[in-house]
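The residues making up each chain are set out below.
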Amino acid sequence: MSRFFYPKLAATNLKKNAQTYLPYILTCIGTVMMYYIMVFLSENEGLGKMTGGSEVQTILNLGCYVIAIFSAIFLFYTHSFLIKRRKKEFGLFNILGMEKKHIARVLAIETLYVAVISLGAGLLGGILLSKLIFMVLLKILNFEVPLGFTVSGPALTAVLFLFAGIFLLTLLNTLRQIHLAKPVELLMGGQTGEKEPKTKWLLVVMGTLSLGWGYYISLTTESPLAALNQFFFAVLLVMVGTYCLFTAGSIAVLKLLRRNKGYYYQIRHFTAVAGMMYRMKQNAVGLANICIMATAVLVMVSTTVSLYIGMEDVLRTRYPQHIMISTPVPAQQSVEGLQTSVKEVLAKHGLEGKDRLDYRYAALVGNQEGDRVITDMSNISDDSSSVREFYLIPLEDYNRLAKRRVSLGDDEILIYSSSSKYEEDTLTVLNRTLTVKERLDSFFENNLNRVSISGSYYVVVKDMEVVKAMAEAQDEENGDDPSGYRYYLGFDLEADEADILAVYQDIRTAVGNDYPGSRIESPVAVKESFFAIYGGLFFLGIFLGALFIMATVLIIYYKQVSEGYDDKARFEIMQKVGMSREEVRGSIRSQVLIVFFLPLVAAGIHIAFAFPIITKLLAVLNLTNVGLFAWCTAGTILVFALFYALVYGLTAKVYYRIVSWETF
Amino acid sequence: MTILEVNNLKKVYTTRFGGSPVQALANVSFSVEEGEYAAIMGESGSGKTTLLNILASLDKPTSGEVLLKGKGLSTIKEKEISAFRRENLGFVFQDFNLLDTFSLQDNIFLPLVLSGKSYEEMSRRLEPIARKLGIGDILAKYPYEVSGGQKQRCAVARALITKPQLILADEPTGSLDSQSAEGLLRLFKEINLEGQTLLMVTHSVKAASHAKRVLFIKDGEVFHQLYKANMSDEAMYQKISDTLTTMATGGGHHE
């Protein structure tokens, strides 16, 4: 036997199975490229040195793991599909006298070919594309683009190790299957008896409840904090619901349709209902996978895109004023010193503060229980939803800013709530019972609680004595040193970003020295790191979105092809029994359309129901522009649907080529 | 009255890559009268299946014509051919060709559903047929749950339910055990006695011996034919065997 027999046979095998192997190899190349680029970016030294670059690299690093795990599962899955299709071929080899070890040898050589082609082309493509993607990333991050072209050694090694591992694993799995099977079984291939699926009502009920519960959580969750806690639980419920309803629910619906004789025995429904039943039995899990993947892509891309686009909004929400100073004022110091320092800095730059906002306050944190607030940290319950922040503000400052002339008695307060209204008549906190004199419907713009996700109360008290006393009482209770009250000062500047930044830095040095523990913020100062984080997320969202879309496409393609082979025989029979070509085509089209677009439609519904909870999550990230998010979601869905339809068009062609039969 | 008339049928297959053309049918002519039960015999490769495909309008002849009740199959438009086939022809295949996705009853209903009949009419038509074929109690089952003989009887029911002019059977006993085969042939005889015209292609001598007339095809031509008249099945069997021997050992044409 010629030395070249096995390599030749392996090559012919790949060529013969090009229809299924080509997409597989393309996917391998695609994943290799993506993984290389991701590792390249996350290891890139140039990027690491830029401001905010390390944050981006942390995000990208996460991306590397996701891609690695995903590629492994995904390539493994598609390869097992390929092998299922080829079992008959192996059976034939076996019967023609090739021993299993010979088949194993052919398979090993085939895998080697695939590995060499994928890694070669993938790495080449990855190296060429990495520069482009790097520039795109820097553009997204608003970073300057450096010159030069590098090939990353660590990335190369990482790719080689990961994919060598994956290919080896797929080969071993195939060999295991071949080894276990008998030749006759191999010849029979995938065609084992197909029983009519049973209706599993329990699963239907479970799925409906689970899905309903998931949707309910999304629709009813009010506070962002609860959203954060409940989101993953809701996602899990929806996933369970999706699987149950795709597998059991679809069958149940089809059976009900079949029971309706008037509906069922019509040309258009007859073959479709029966065909769908069979299809759903075979494909329900795959379709549920596609649905969940599509939902994930849509959520990921739409949120990251809207965060990126809405970044200016976010910055403005998080940092409403150009300069924001929040300073603890200890007992022996006063706020005048601080005001003077700021004035000096502004004078030095020849600028004037606009829309100045300043007031004194103290913050308390505690669990609200009716009209009592427990501030003792050791007693705070686990239920984070009852955690409240209380901002105590002296009447003097309130009257000044709200332009009112209210007067208060010693233990009288005004109260304003940022979320649910405070219903009680008194408020007991730190052994002091305060009487609510008025519940306020609005409060002056205060810029407190910008990051906080729990509900907060603004409590106006008689004077600074009360504020100081309560702040001290809290420090004492928690065993902290007395920190005094705080002072907030914020203003806008009519200047360009560079000047604002200079003012910000000068204030930082001046105030930071005199008042340790001050928080001095400016949107200009954090802009870069904001760009880094949101830009990084945006990039990752798009990148992973592309990967997931590629996976979805491939799954769809393989579904189509394998269904084509299964359907071929059935449609031949239908034509023999007297169905015209057009009728067969029509029937195929409607079934394929349903199978294809069911996951997309389901994903759309998921997204629609997830919308409320995701807007709350985005609020945590300071994105409150719901309109923007709605547009981004709609846009993402549209793009995805277009892409999906395109793939449908292409794979449907392959499908028809398989099913159509030539004696006509 | 003549139901089927086949005149000078010729079929040549040309392979796609310009290989030498293969002649499946050279010159076939015969006719089938109403109420007849005819069998066509021939070895593998003699052109039986090609002939049947052309009769079933699944394939087109290179030249020659097929007339069903005086109407040329080639004159029927492509669009109408399926409906024509559905309404005028019934099929029984060697491998049953039942769809696994349908219950046996739905398999039988399939041609009627395609013609847009109501459920009530379909069940009305099925009822006597099911009784005659003895499949009444398995109708709710699926093809993979019943035996080959039962499957073939359902396939016969599917062919009968449209009340076709002609039933074409392609090796109907080919996948059956001897007992089921015997049952099926008895059934064919019965429905023929009720007036149904049958044309069966087979290479089973046993099956052919049940027919009223046997046509022998060799090398794409009708080589010989036998009439049963009032011969017994056994005598017919003997006669068919003799003819086949003569054909195999290379005897010339004789009427």
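Residues numbered from 1 in each chain as written. Chains lettered and ligands numbered in written order. Predicted model: local features only at pLDDT ≥ 70, side-chain atom pairs only at ≥ 80, totals over all residues.

For the rest of this paragraph, the subject is the overall build of chain A. Secondary structure summary: chain A contains 19 helices and 10 strands in total. Compactness check: chain A gives a C-alpha radius of gyration of 33 Å against a globular reference of 26 Å for 664 residues, more than 25% above the reference. Here the C-alpha coordinates of chain A stretch approximately 100 × 65 × 45 Å along the principal axes. Burial statistics for chain A: of 664 residues in total, 40% are counted as buried. Sequence-distant contacts, at least 24 apart, represent 83% of the contacts inside chain A between residues at least 6 apart. (Helix = DSSP H or I, 4+ residues; strand = E, 2+ residues; numbered from the N terminus. Rg over C-alpha atoms; globule rule 2.2 N^0.38 Å. Buried ≥ 20, exposed ≤ 12 C-beta atoms within 10 Å, placed from the backbone. Contact = placed C-beta atoms within 7 Å.)

With that out of the way, let us pick up the overall build of chain B. Secondary structure assignment for chain B yields eight helices and 10 strands. A globule of 255 residues ought to have a C-alpha radius of gyration of about 18 Å, and chain B, at 18 Å, matches this closely. Each principal axis of the C-alpha distribution contributes one length, and for chain B these read about 55 × 45 × 40 Å. A separation threshold of at least 6 residues defines the contact pool for chain B, and within that pool the share at least 24 residues apart is 72%.

Our next topic: the packing of helix H4 (residues 119–133) of chain B against helix H5 (residues 148–160) of chain B. Residues and elements named next belong to chain B. At their nearest, the axes of H4 and H5 sit 10 Å apart, and the two run at 145° to each other. Relative to H5, H4 is oriented so that their crossing is right-handed. Between H4 and H5, the residues in contact are Ile129, Ala130 and Leu133 and Arg153, Val156, Ala157 and Leu160, respectively. Grouping the constituent residues of the contact of H4 with H5 by class yields six nonpolar, no polar and one charged. (Axes fitted to C-alpha atoms, helices over the stretch in contact; angles between N-to-C directions. Left-handed = near helix turned anticlockwise from the far one by under 90°. Nonpolar A, V, L, I, M, F, W, Y, C, P; charged D, E, K, R; others polar.)

Looking now at helix H6 (residues 153–180) of chain A. Residues and elements named next belong to chain A. With 28 residues, H6 should reach 40 Å at 1.5 Å per residue; the first-to-last C-alpha distance of 41 Å fits that figure. By the burial criterion, the buried members of H6 are Ala155, Ala158, Val159, Leu162, Phe163, Ile166, Phe167, Thr170, Thr174 and Ile178. Where the residues of H6 are buried, they touch helix H2 (18–43), helix H4 (53–95) and helix H5 (100–141). (Expected span 1.5 Å × (residues − 1).)

This brings us to the interface of chain A and chain B. Every contact between the two is made by 21 residues of chain A and, on the other side, 23 residues of chain B. At the level of elements, helix H10 (261–264), helix H11 (267–309) and helix H17 (523–577) of chain A are the ones that each hand at least two residues to the side of chain A that touches chain B. Element by element, the count of residues in the side of chain A that touches chain B is highest for H11 of chain A, at six residues. When the residues that make up the side of chain A that touches chain B are grouped by side-chain class, the tally is nine nonpolar, six polar and six charged.

All names here are of chain B. In terms of burial, helix H1 (residues 48–55) is a largely internal element, six of the eight residues being buried. Buried residues of H1: Lys48, Thr50, Leu51, Leu52, Ile54 and Leu55, and no others. Phi turns positive, to about 60°, at Ser57, one or two residues after H1.

Core analysis: the biggest nonpolar cluster contains 197 residues, and Val32, Tyr35, Tyr36 and Val159 of chain A together with Ala157 of chain B have the highest contact counts within it. Looking at this core element by element, the count peaks at 24 residues for H17 of chain A. No fewer than three residues from each of domain 1 (1–193) and domain 2 (202–319 + 524–664) of chain A sit in this core. If near-sequence neighbours (up to four positions away) are discounted, Tyr36 of chain A is found in contact with Gly122, Leu123, Gly126, Ser130, Ala155 and Val159 of chain A. (Core = buried A, V, L, I, M, F, W, Y, C linked by C-beta atoms within 7 Å. Domains from an automatic or database assignment.)

This part takes up the environment of Tyr215 of chain A. Along the chain, Tyr215 of chain A turns up in helix H8 (residues 201–220). Taking the C-alpha atoms as reference points, Tyr215 of chain A and Pro612 of chain A, separated by 397 residues in sequence, lie 9.8 Å from one another.

Right, let's talk about the pairing of strand S1 (residues 2–13) of chain B for a bit. All names here are of chain B. Pairing between S1 and strand S2 (residues 22–33): eight bridges, direction antiparallel. Looking at S2, one finds that Glu5 is bridged to Ser31. Note: S1 against strand S4 (residues 63–68), five bridges, orientation antiparallel. Across the sheet, Glu5 pairs through a bridge with Leu67, a residue of S4. (Pairing = 2+ DSSP bridges.)

Glancing now at unusual backbone geometry. Here Asp355 of chain A, not a glycine, exhibits a phi torsion of approximately 50°, which is positive. Mapped onto the secondary structure, Asp355 of chain A falls in strand S2 (residues 354–369).

Take the environment of Ile588 of chain A next. All names here are of chain A. Looking at where Ile588 falls in the secondary structure, it is placed in helix H18 (residues 581–620). Along the sequence, Ile588 and Tyr6 sit 582 residues apart, while their C-alpha atoms lie 40 Å from each other. Those residues in contact with Ile588 that lie beyond four places of it in its chain are Asp567, Phe571 and Val659.

We now examine the pairing of strand S7 (residues 432–439) of chain A. Residue and element names in this part refer to chain A. The pairing of strand S5 (residues 412–417) with S7 spans four bridges and is classified as parallel. Opposite Glu412, over in S7, you have Thr435 as the bridge partner. As paired elements, strand S6 (residues 426–429) and S7 share four bridges and run antiparallel to each other. What sits directly across from Thr426, in S7, is Thr435. Following S6, the chain reverses through two residues before pairing antiparallel with S7; Leu430 in that reversal takes a positive phi of roughly 50°.

Detailed reading of the predicted coordinates is not advisable wherever pLDDT falls low. Summary statistics for chain B give a mean pLDDT of 86 and a share of 96% for residues scoring 70 or more. What the predictor reports for the complex is a pTM of 0.73 with an ipTM of 0.77. (pLDDT = per-residue confidence, 0-100.)

This prediction gives chain A a mean pLDDT of 83; 94% of its residues lie at or above 70. Mean pLDDT across the elements of chain A ranges from a minimum in helix H7 (residues 183–188) of chain A, with 63, to a maximum in H8 of chain A, with 92.

Another aspect to go through is the packing of H4 of chain A against H17 of chain A. Residues and elements named next belong to chain A. Put simply, H4 and H17 touch, their axes get as near as 9 Å, and they point 5° apart. On the basis of their axis angle, the class for H4 and H17 is roughly parallel. Residue classes in the contact of H4 with H17 are distributed as 18 nonpolar, six polar and two charged. (Parallel < 35°, antiparallel > 145°, perpendicular 65-115°, else oblique.)

What follows deals with the environment of Lys48 of chain B. Residue and element names in this part refer to chain B. Along the chain, Lys48 turns up in helix H1. Overall, the presence of 22 C-beta atoms within 10 Å leaves Lys48 in the buried class. Separated by 171 residues in sequence, Lys48 and Asp219 have C-alpha atoms that sit 9.9 Å apart.

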